[in-house]
Amino acid sequence: MEEEIGYDQAVEVAHLNKSYGSGKNKLKVLDNMQMRVATGAIYGLLGPSGCGKTTLLRCIIGRLSWESGTIVTLGKKPGTIGHPVPGSSVGYMPQELALFQDFTISETLSYFGRLHKMTSKRVKERMTFLLDFLHLPDKGRLIRQLSGGQQRRTSFAIALLQEPQLLILDEPTVGVDPLLRQRIWEHLLDIAHSSNITIIITTHYVEEARQAHMVGLMRNGRLLAECSPEELIEKHNLPTLEDVFLELCERDQIGDIEQNEGCAGISTQVCYHDWFVISINQINFKSREARELRQQQAKRLKKFFFPSASNVLALFIKNLTILRRQIGFLLFEFMLPAMQIVMFCLCIGRDPFNLNVAVVNNETCHPPPVPLIPFAASCAFLQHIDSHYINDFQHRYNEARESVESGDNWGVISIGSNFTQDLMIRITFFMATGLTAMSFVLERKQGLLDRSFVAGVTNMEVMIGHISTQFLVMLVQVSLLLVFAIAVFHVVAEGSLVLVVLLTLFQGLVGMALGLLISTICIEETSAIQCALGSVYPNMLLSGIIWPLESMPMNLRYVSYCLPMTYAAEAMRCILARGWGLTYMPVWRGFLMSIGWGWILMALSAIALAIRKF
Ligand SMILES: Nc1ncnc2c1ncn2[C@@H]1O[C@H](COP(=O)(O)OP(=O)(O)OP(=O)(O)O)[C@@H](O)[C@H]1O
């Protein structure tokens, strides 16, 4: 049974050290940082720009890891599995807007309400209150149509939505008029008092922090003072908090901060209150941590394999809403693969000029007028060629080659027996890669991904959310592709259509998983696009789709066998041209490779997501 620890301090930070980068580029941002926030208090975190406030807040909510020191948020280390931090116990308003520009206010709040597992009735109630309280316009208005101040207030509304135990507000009053700013502070004081909600707030308007119960003054990643505003002002005998702040900064610059008697060993002015009855050192976290480690690993694995259905549903609906808002682009996406196959089947019929070449066709052409003849794209190609220009149709490769050697022809066109079938695998794979390659990039840049993570979403849930939405798009794409290829152009299809559809979908999923990996690794849109294109061409060249594997150097051939498309393309040829089923090795091997690659790429994406901690 888990040990329940009551906490008088909602947040305790002790000896925290945190750096960004490594080696020569290492930047120490938090330096032996200390902080204690009593439950039900409003804590104003003040400090010059770049002193590490946001970094500290992100550590407190479990979005950043640190090198050494301890953080206890609402009784446990943030990020502990089963602990709702990050999750519903914390409301976070980041500095950046972090809003879906194409969502309405209502859709935005509903999305976060679903993540926090609120009933739709409760979401409606809170929405009505927040719209009125924050002077927001009609809930049907798109975020992009709101003014800067209105957008910030919407962002604030998200943080307040589920009435969390802990509110972390990173500069919530920037761009808010003084009247509304005062209302916000009154509301914060009210919820802290009536609901025992703890609030940590950063602000550059130092004077407004006088309304907080406690203020922490930071500089260069260290805490200079932690006191109630009145005590600080009284102690320094200065008229304003801002003056105290300036004086402390100046004294810190010349190394003249007094050591507080009650706080030996910490070069910080700290005022003790009745709230601070538990010292972080009194709790034996080390022994508890060791005991919990094994349980945590088991829980982490469970959470990885059994994601929350309601979170996945919330992400799915969110992604669908994004797609709905881009309906033109969505239609284009639906049609693109079908257009590619149509163009391919139509355009190859154009007359080339002055080509005196021998043609060897290994695909089977049926003479008209056989009804519903299976279509081989190569046959259409040959039928459309004016025999005046390409007039030497050989049937055997050696004969064709000899005709070139003897000077009768200047070249040989040899059409492989798999010319048309491979196309479907190729188009599906690359389209799917394109579908997901940008999934995280934009959301991450706008801080949206981070906000979902703070609301308790896991990496796996985000990935499943994206894959399930894009899978819908891919279903439409594959249906259109197969209709055009098989029903309209009669591409040879001797085998089971179910296997064809399944293999195409599996290949699409592998392409999507590759796209996800790309979008996890790349920070900018341009690098994601280049990465997607860069992975497409080697894949295409090496997988034997453009040129036969047999013509490759032996070592390269082994590389080719390991690629996701090689065996799948072979399996597709065997199903379509030979009518083989799953009992044949080349067919099941193609399926097995597709499934294996899908899992490998998904796992790599999950690992990359976990390491990057967006
Ligand atoms: N992801 C990052 N990689 C490298 N350096 C970073 C990163 N994020 C922040 N920093 C650096 O860490 C330092 C502290 O940044 P942080 O955002 O925590 O400061 P802040 O006190 O919140 O500043 P502000 O008040 O301007 O928001 C800055 O020097 C910043 O450049």
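Structure: see above.
Owing to the predicted nature of the structure, the values given are computational and were not obtained by experimental measurement.

Caption draft 1: Quick look at the pattern of salt bridges. With the rule as written, the count across this model stands at 16 salt bridges. With a closest N to O distance of 2.7 Å, Arg122 and Glu125 form a salt bridge. With Arg122 and Glu125 both in helix H3 (residues 120-133) and three residues apart, the pair spans about one turn of that helix. Given a relative accessible area of 37%, Glu125 falls into the partly exposed group. For the salt bridge of Glu163 with Arg122, the shortest nitrogen-to-oxygen distance reads 2.4 Å. Here Glu163 is found in the loop between helix H4 (148-160) and strand S6 (166-170), whereas its partner Arg122 is found in helix H3, with 41 residues between them in sequence. Its relative accessible area of 30% is what places Arg122 among the partly exposed residues. A single salt-bridge network, built from bridges that share partners, covers Lys121, Arg122, Glu125, Arg126 and Glu163.

Caption draft 2: Spotlight on the pairing of strand S5 (residues 90-93). The side-chain alternation of S5 yields two buried faces, one formed by Val90 and Tyr92 and the other by Gly91 and Met93. Note: S5 against S6, four bridges, orientation parallel. Across the sheet, the residue bridging to Val90 is Leu166, located in S6.

Caption draft 3: Quick look at the sheet that holds strand S1 (residues 9-20). Strand order in the open sheet made by the three strands is S2-S1-S4, with antiparallel pairing throughout. The open sheet has two edge strands, strand S2 (27-38) and strand S4 (68-73), and neither has a second partner. Strand after strand, the sheet turns through a mean of 15° between neighbouring axes, direction not considered. By the bridge criterion, eight bridges tie S1 to S2 in an arrangement that is antiparallel. Pairing of Leu16 across the sheet is with Met33, part of S2. Against the sheet, helix H1 (residues 53-60) makes contact with S1, S2 and S4, and its axis sits at roughly 120° relative to S1, the strand it touches most.

Caption draft 4: Region of the structure containing helix H20 (residues 566-578). Across its 13 residues, H20 extends 18 Å between first and last C-alpha, which sits within 8% of the 18 Å expected from 1.5 Å per residue. Turning to H20, its buried residues number three or more, namely Thr566, Tyr567, Ala568, Ala569, Ala571, Met572, Cys574, Ile575 and Leu576. Where H20 terminates, the next one or two residues include Gly579, which has phi positive at roughly 75°.

Caption draft 5: Region of interest: H4. The end-to-end C-alpha distance of H4, which contains 13 residues, comes to 19 Å, matching closely the 18 Å that a straight helix rising 1.5 Å per residue would cover. Of all 13 residues making up H4, 12 are buried, and the element is well covered by its neighbours. Every buried residue of H4 is listed here: Gly149, Gln150, Gln151, Arg152, Arg153, Thr154, Ser155, Phe156, Ala157, Ile158, Ala159 and Leu160. Looking at the buried side of H4, the elements it contacts are S5, helix H2 (105-115), H3, S6, helix H5 (178-195) and helix H15 (448-454).

About the criteria used
- Residues numbered from 1 in each chain as written.
- Predicted model: local features only at pLDDT ≥ 70, side-chain atom pairs only at ≥ 80, totals over all residues.
- Heavy atoms only, no water.
- Salt bridge = Lys/Arg side-chain N within 4 Å of Asp/Glu carboxyl O.
- Helix = DSSP H or I, 4+ residues; strand = E, 2+ residues; numbered from the N terminus.
- Buried < 20%, exposed > 50% of the residue type's maximum accessible area, 1.4 Å probe, protein only.
- Pairing = 2+ DSSP bridges.
- Axes fitted to C-alpha atoms, helices over the stretch in contact; angles between N-to-C directions.
- Contact = heavy atoms within 4.5 Å.
- Expected span 1.5 Å × (residues − 1).

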